[in-house]
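# Chains, contacts and geometry: an overview
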Amino acid sequence: MRLGVEEFLPERMKLDLSSAAARLDAGSKGWEIDVAGAYLYGAPAAGNRLLGVVNTEPDRNPLAKALPGFFFGDADEDGVRSRVELDEETLGDDGKTRVGVDLSPVHKRRSPFTVRATLSLLESGGRPVVRSIERTWWPAPVLVGLRPLFVGSYAREGAPAEFEIVRADAAAGLKAGQALPVRLFRENRAYYWRFDDNRGWHSGFTETDELVLTTQVAVPAGGR
């Protein structure tokens, strides 16, 4: 058994992050974050160094409270992630500064994304106080959302795979839509066995998509 003993030092500073932007969208040239740092005994953290990093990842249901179970965005972007380090800043004499976040990693995306900024305010000895702030990137005025009406990732064998469809804006307002194109694909997998010296025999598969249905659907205003 290994036992680790560490010394815990309580934080000596506070770090407050705020932003006037309730959400981010295609009209947002950047994202500005107001930063305020101070020592717990009251003095501003004047001249202290501020480091930061911004991470982005898809948010499949940014409207979970209003529209639970609905998925928005392009499934091909599920694996898209980004991490960008911010330029180092120094707090002003009042212990404040404003940080600008470049939104170019999400500007061309077709899915909602979570944009999370994590900022570290360094004490004079180098120990950081870390806080995060995040906003949702909404790529278009209206997005189509799908909610599967079956439990789990797969419909029961022999049963129809049914879905609810909505067109929603960033405030969860339901909009009408006419002649929305629908394409249904069958995912075909061809399995095989492979042998190599490192892993021995192991299985794998190749995958192709077969278009089996093309149709249209209409969505009423305020409905699904």
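The structure we're discussing is the one just above.
Here the structure is a predicted model, which is why all the values come from computation and not from measurement.

## Structural notes on a nonpolar patch on the surface
- Judged by side-chain polarity, Val144, Leu146 and Phe163 come together as a nonpolar surface patch covering roughly 250 Å² of accessible area.
- Residue placement: Phe163 occurs in strand 12 (residues 163–168).

## What to know about the pattern of salt bridges
- Scanning all chains against the criterion turns up 19 salt bridges.
- Ionic pairing is found between Glu11 and Arg131, a salt bridge with its closest N-O pair at 2.9 Å. Residue Glu11 is found in the segment before strand 1 (13–18), and its partner Arg131 is found in strand 10 (residues 128–138); the two are separated by 120 residues along the sequence.
- Residues Asp169 and Lys175 are paired through a salt bridge, measuring 3.6 Å at the closest nitrogen-oxygen approach.
- Under the relative-accessibility criterion, Asp169 is labelled buried at 16%.

## Focus: the packing of aromatic side chains
- Under the defined criterion, the tally for this structure stands at five aromatic pairs.
- Between Tyr39 and Tyr41 the ring centres are 5.5 Å apart and the planes differ by 15°, which places this aromatic pair in the stacked class.
- For Tyr39, a relative accessible area of 13% translates into the label buried.
- Between Phe72 and Trp138, the aromatic rings sit 6.0 Å apart at their centres with planes inclined by 55°, giving tilted as the arrangement. You can see Phe72 sitting in strand 5 (residues 71–72) and its partner Trp138 sitting in strand 10, a full 66 residues away along the chain. Across this residue pair, the class does not change: Phe72 and Trp138 are buried.
- Positioned over the ring face of Phe205 is Arg189, at 4.2 Å from the centre of the ring.

## Brief notes about the sheet that holds strand 12
- Strand order across the open sheet formed by three strands is 5-11-12, with antiparallel pairing between neighbours. Edge positions in the sheet fall to strand 5 and strand 12, since each of these pairs with one other strand and no more.

## Notes on the sheet that holds strand 3 (residues 30–39)
- Taken in spatial order, the three strands line up as 1-3-8 in an open sheet, and their pairing is antiparallel. What marks the edges here is a single partner per strand, and that holds for strand 1 and strand 8 (96–102). Pairwise comparison of adjacent strand axes, ignoring direction, gives a mean angle of 25° for this sheet.
- With seven bridges joining them, strand 3 and strand 8 adopt antiparallel strand pairing. From the neighbouring strand, Ile33 faces strand 8, where its bridge partner is Val99.

## A few points about the nonpolar core
- The biggest cluster of nonpolar side chains holds 26 residues, and the ones touching the most others in it are Trp31, Ile33, Val35 and Leu103.
- When residues of this core are traced back to their parent elements, those giving at least two are strand 1, strand 3, strand 4 (49–58), strand 8, strand 9 (113–122) and strand 10.
- Looking at this core, the element that brings in the most residues is strand 9, giving five residues.
- Non-local contacts of Trp31, meaning those with residues more than four positions away in its chain, are made with Ser19, Ala21, Leu24, Val99, Gly100, Val101, Leu103, Val115, Ala117, Ile133, Glu134 and Arg135.
- Membership of the second largest hydrophobic core comes to 11 residues, among which are Leu63, Leu143, Ala172 and Leu174.

Parameters at a glance
Residues numbered from 1 in each chain as written. Predicted model: local features only at pLDDT ≥ 70, side-chain atom pairs only at ≥ 80, totals over all residues. Heavy atoms only, no water. Patch = residues over 30% accessible without salt bridge, like charges linked within 9 Å, V, L, I, M, F, W, Y side chains within 5 Å. Areas by Shrake-Rupley, 256 points an atom, 1.4 Å probe, with all protein chains shown as cover. Salt bridge = Lys/Arg side-chain N within 4 Å of Asp/Glu carboxyl O. Helix = DSSP H or I, 4+ residues; strand = E, 2+ residues; numbered from the N terminus. Buried < 20%, exposed > 50% of the residue type's maximum accessible area, 1.4 Å probe, protein only. Phe/Tyr/Trp six-rings, centres within 6.5 Å; stacked < 30°, edge-to-face > 60°. Lys NZ or Arg CZ within 6 Å of the ring centre and 35° of its normal. Pairing = 2+ DSSP bridges. Axes fitted to C-alpha atoms, helices over the stretch in contact; angles between N-to-C directions. Core = buried A, V, L, I, M, F, W, Y, C linked by side-chain atoms within 4.5 Å. Contact = heavy atoms within 4.5 Å.

All we've got here are geometric facts, nothing functional implied.
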